[in-house]
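Reading the structure
Here is how the chains run, residue by residue.
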Amino acid sequence: MIAMRPIREYDVIDLLNAGRFPGDVEGYIVMNGPEYLGHMLYRVDGAVTRVLDCGVENTALVDGAVRACVAAGEHAGASAFEVEAADSRLAEWRRVFFGGEPEEPIPNEKLFGGCAGHGE
């Protein structure tokens, strides 16, 4: 079973971040049972969640990992999100899901609100 687990040890975040992103960086580890599948790093800057780094190689899992980061940011008070364009996996995710959107930040409801009112 695929699980996205928050990284609670800041030494692990520091190791994955390697000084690339300033500020209070948070993260998720993506697991399939005991198998490590990658990580995600993000930061909440006021009203914006910034998804910074995608270490998930399986493209089928990138969407869920991005959504986990944005949901965590929303829980912390962010109402919009951005993804790091320099990260090729995140840039491809944005192109697929939001290719026609204007520049970032993108309101969270555009990511989570697609099914609102479905079936009414």
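Reading the values: rules and limits
- Residues numbered from 1 in each chain as written.
- Predicted model: local features only at pLDDT ≥ 70, side-chain atom pairs only at ≥ 80, totals over all residues.
- Heavy atoms only, no water.
- pLDDT = per-residue confidence, 0-100.
- Helix = DSSP H or I, 4+ residues; strand = E, 2+ residues; numbered from the N terminus.
- Contact = heavy atoms within 4.5 Å.
- Pairing = 2+ DSSP bridges.
- Axes fitted to C-alpha atoms, helices over the stretch in contact; angles between N-to-C directions.
- Parallel < 35°, antiparallel > 145°, perpendicular 65-115°, else oblique.
- Nonpolar A, V, L, I, M, F, W, Y, C, P; charged D, E, K, R; others polar.

Next up on the list: the confidence of the model for the protein. Averaged over the protein, the pLDDT score is 91; the fraction of residues at 70 or greater is 94%. Here helix H4 (residues 108-112) is the element of the protein with the lowest mean pLDDT, 92, and strand E4 (residues 48-54) is the one with the highest, 98. This model gives residues 116-120 a pLDDT under 50, and the stretch forms zero contacts once residues within four places in sequence are excluded.

Whenever strands of a sheet pair, they do so through backbone hydrogen bonds, lying parallel or antiparallel. Here we have six strands laid out as an open sheet, ordered E1-E2-E3-E4-E5-E6, and mixed in their pairing. Each end of this open sheet is capped by a strand with a single partner; those strands are strand E1 (2-6) and strand E6 (106-107). Two elements, strand E3 (residues 35-45) and E4, share six bridges in a ladder whose sense is antiparallel. Looking across to E4, one finds that Val44 is bridged to Thr49. Across the sheet, helix H1 (residues 10-17) touches strand E2 (25-32) and E3, and the angle it forms with E2 is around 90°.

Attention now goes to the packing of helix H2 (residues 59-75) against helix H3 (residues 88-98). The geometry of H2 relative to H3 is characterised by a closest axis approach of 11 Å and an angle of 90° between their N-to-C directions. Looking at the two axes, H2 sits roughly perpendicular to H3. Across the interface between the two elements, Val62, Asp63, Val66 and Arg67 of H2 pack against Arg89, Leu90, Trp93 and Phe97 of H3. Considered class by class, the residues forming the contact of H2 with H3 number five nonpolar, no polar and three charged.

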